[in-house]
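# Chains, contacts and geometry: an overview
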Amino acid sequence: MPADLSGIRDLPRDEAFAITADFQADDHPQKVSLGAGVYRDESSKPWVLPSVKEAKKRLHEQELNHEYLPIQGSEPFLTAARELILGPAQSENTVISIQTISGTGANHLAAAFLSQHLKPKHVFFSDPTWSNHSLVWEVAAPDVVQKTYPYYLPASRSLDFEGMMSTLESTAVEDDIVVLHACAHNPTGIDPSREQWRTLAELMKRKRLFPVFDSAYQGFATGDVDADAWAVRYFQQTLFGATESEPRPQGMGIAQSFAKNFGLYGERVGAFHLVLPPRAPAAGARSQLLRLVRAEMSNAPLFGCRVVAMILSDPELRTRWKEDLQTMSGRIKRMRSILRREIEKHPKSEVGDWKHLEDQIGMFSYTGLREEQVLRLKDVHHVYLMRNGRASLSGLTEANAEYVADAIAEVMRYHPVGLK
Ligand SMILES: Cc1ncc(COP(=O)(O)O)c(C=O)c1O
């Protein structure tokens, strides 16, 4: 049958973007958006970080031109990005860094490159995971079979570490990709402990599984960029340290986004880093990554990477940026405890225990609310969150937390099915 454009199947809207559009179209005065993973200040407004404002002012004064970047991207940006996630003094011979269209572009480049050159049988995602992982791999790496590893135990609202380990142990085969969240897991807000990361690294090394760390929240989990990079750095040292020997994976990928931690969402600043074992030849992999970038976009955009590079390389601006991270992560932590307090003012027999709100970290809470409760929150109370119960807590303020808590209590009374 010849292809027929008029017969193309209509796909459902992307949930994350649909929530934002529905929220914007809602004119209810008390509407609250807990949908999009974007930071909002105390008055529910987008926040341009003061460190970013200052860098923009300085860039403006420099009257820079608008020439193309090289295919790999801006070298000062890439050096700063690489050292932010991996620590200082990284060798360009063992870490190949390529600038991308934010974290999504980095995940996409990882999928395209690895499917073509590592040819894994499977890619494993946590269940649940960021809503775009599966689509990125479906489009960029259609030959790689997608699988999930258990991540979340609803009964205890904790990490299903045993399930994760036993699934990877029994079903993953050499060169399979395992996508891991570097910190502040989206959507659950639950990260492995350091002990668990060590155990996982040992398994991945022994089975020669290829980790791809998705790092979209460095600085958001704890407010400390080094603490939030611990797992990635540990994996690099353990799998590819100079004294380490076989077996080990053929490499490790890092998809790095600067959307959240610099508030540069729409500027699309990101990088993909390919970490190789010491002394492994890097030229072929580098040239293939450049080929993919050349075909996709020729080279990445300039503006956002200039802001990030300036902040990370100027000690004063870097200090101010770290304060901005504390401001953002601190406000979200405060909102966690206020929301918990307000929900728990309602009878425990109706709303249950909301300790998990404060145990989880990062931008999100996996509230445990069920789909019918989430839909009623939107339809009756104009409070928007993802159907899986994920709430982006930066949409809360001191002014609306009580309203949201009362709305949650009401939907739990209306649908008394408990939390999942
Ligand atoms: C886990 C995860 N990875 C990657 C991204 C990529 O975002 P962006 O393309 O805006 O950098 C996000 C954003 O929500 C995310 O949550």
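Not measured: the values here are computed from a predicted model. (Residues numbered from 1 in each chain as written. Predicted model: local features only at pLDDT ≥ 70, side-chain atom pairs only at ≥ 80, totals over all residues. Heavy atoms only, no water.)

### A few points about the overall build of the protein
When its secondary structure is counted, the protein shows 16 helices and 13 strands. Roughly 18,600 Å² of accessible area belongs to the protein as shown, and the carbon and sulfur atoms make up 52% of that amount. Computing the positive centroid from 48 side-chain charges and the negative centroid from 53, the protein places the two 2 Å apart. (Helix = DSSP H or I, 4+ residues; strand = E, 2+ residues; numbered from the N terminus. Areas by Shrake-Rupley, 256 points an atom, 1.4 Å probe, with all protein chains shown as cover. Lys, Arg positive; Asp, Glu negative; His and termini not counted. Charge placed at Lys NZ, Arg CZ, Asp CG, Glu CD.)

### What about the site of the ligand?
The local shell around the ligand consists of Ser102, Gly103, Thr104, Trp130, Asn186, Asp214, Ala216, Tyr217, Ser257, Ala259, Lys260 and Arg268. One nitrogen or oxygen atom from the main chain of Gly103 is found 2.8 Å from an oxygen atom belonging to the ligand. Contact between the ligand and Lys260: an oxygen atom at 2.9 Å from a side-chain N or O atom of the residue. At 3 residues, the largest contribution of residues to the shell around the ligand is made by helix H4 (residues 102-117). Class assignment of the residues belonging to the shell around the ligand gives a composition of 4 nonpolar, 5 polar and 3 charged. (Near = heavy atom within 4 Å. Polar contact = N/O pair within 3.5 Å; in protein donor to acceptor, adjacent residues only side chain to side chain. Nonpolar A, V, L, I, M, F, W, Y, C, P; charged D, E, K, R; others polar.)

### Regarding the pattern of salt bridges
Taken as a whole and judged by the stated rule, the model has 24 salt bridges. Glu42 is the partner of Arg334 in a salt bridge, and the nearest nitrogen-oxygen pair spans 2.6 Å. Linking Arg334 in helix H12 (residues 315-343) with Glu42 in the loop between strand S1 (32-33) and helix H2 (50-61), this pair joins segments that are 292 residues apart in sequence. Relative accessible area serves as the criterion here: at 35%, Arg334 is assigned to the partly exposed category. The partner of Asp314 in a salt bridge is Arg58, and the shortest N-O contact between them spans 2.9 Å. Here Asp314, found in the loop between helix H11 (303-313) and H12, pairs with Arg58, found in helix H2; they are 256 residues apart in sequence, far enough to count as distant. A relative accessible area of 21% places Asp314 in the partly exposed class. The structure contains a network of salt bridges with shared partners spanning Glu54, Lys57, Arg58, Asp314, Glu316 and Arg320. (Salt bridge = Lys/Arg side-chain N within 4 Å of Asp/Glu carboxyl O. Buried < 20%, exposed > 50% of the residue type's maximum accessible area, 1.4 Å probe, protein only.)

### With respect to the domain arrangement of the protein
Each assigned domain of the protein is listed with its residue range as follows: domain 1 (14-49 + 322-410) and domain 2 (68-313). The C-alpha centroid of domain 2 is placed 28 Å from the C-alpha centroid of domain 1. Facing the 23 residues of domain 1 at the interface are 24 residues of domain 2. Roughly 2,000 Å² of surface becomes buried between domain 1 and domain 2 when both sides are summed, with 61% attributable to carbon and sulfur atoms. Interface area lost by domain 1 to domain 2 is led by Leu325, Ile361 and Tyr366, which between them contribute 30%. On the surface where domain 1 and domain 2 come into contact, there are 0 salt bridges. Elements with a contribution of two residues or more to the side of domain 1 that touches domain 2: H12 and strand S11 (364-366). Looking at the side of domain 1 that touches domain 2, its residues break down into 11 nonpolar, 8 polar and 4 charged. (Domains from an automatic or database assignment. Contact = heavy atoms within 4.5 Å. Buried area = accessible area lost by both parts, 1.4 Å probe.)

### Observations regarding the packing of aromatic side chains
This model, assessed by the stated rule, comprises 13 aromatic pairs. When the centroid spacing of 5.0 Å and the interplanar angle of 90° are considered together, the rings of Phe213 and Phe235 count as edge-to-face. A residue pair is termed long-range when its members are at least 10 positions apart, and Phe213 in strand S8 (residues 210-215) and Phe235 in helix H9 (residues 230-240) qualify at 22 residues. Both residues of the pair, Phe213 and Phe235, belong to the buried class. Following the ring pairs from residue to residue traces out a cluster consisting of Phe77, Phe258, Phe262 and Trp321. For Lys31, the ring lying beneath its charged end belongs to Phe23, and the centroid distance is 4.4 Å. A cation over a ring is seen here: Arg390 above Phe364, with NZ or CZ 3.8 Å from the ring centre. (Phe/Tyr/Trp six-rings, centres within 6.5 Å; stacked < 30°, edge-to-face > 60°. Lys NZ or Arg CZ within 6 Å of the ring centre and 35° of its normal.)

### Topic: the packing of H11 against H12
The interhelical angle for the contact between H11 and H12, taken along N-to-C directions, is 100°, at an axis separation of 5 Å. Here H11 lies roughly perpendicular to H12, going by the angle between them. Seen from H11, the contacting residues are Met310, Ile311, Leu312 and Ser313; seen from H12, they are Pro315, Leu317, Arg318 and Trp321. Counted by class, the contact of H11 with H12 contains 6 nonpolar, 1 polar and 1 charged residues. (Axes fitted to C-alpha atoms, helices over the stretch in contact; angles between N-to-C directions. Parallel < 35°, antiparallel > 145°, perpendicular 65-115°, else oblique.)

### Some thoughts on the pairing of strand S2 (residues 95-101)
Each regular strand carries side chains that alternate between the two faces of the sheet. The buried fraction of S2 amounts to 6 of the 7 residues, a majority that puts the element mostly inside the structure. As paired strands, S2 and strand S10 (residues 269-275) are joined by 7 bridges and run antiparallel to one another. In the strand pairing of S10, Val95 is matched with Val275. (Pairing = 2+ DSSP bridges.)

### What to know about the nonpolar core
In this structure, Phe77, Phe258, Phe262, Trp321, Trp354, Leu369 and Val383 are the most contacted members of the largest nonpolar core, which totals 66 residues. With sequence-adjacent residues up to four places away left out, Trp321 is seen in contact with Leu49, Ser51, Leu84, Val225, Asn261, Phe262, Ile311 and Leu312. Grouped together as the second largest cluster of nonpolar side chains are 36 residues, Leu86, Tyr149, Leu200 and Val275 included. (Core = buried A, V, L, I, M, F, W, Y, C linked by side-chain atoms within 4.5 Å.)

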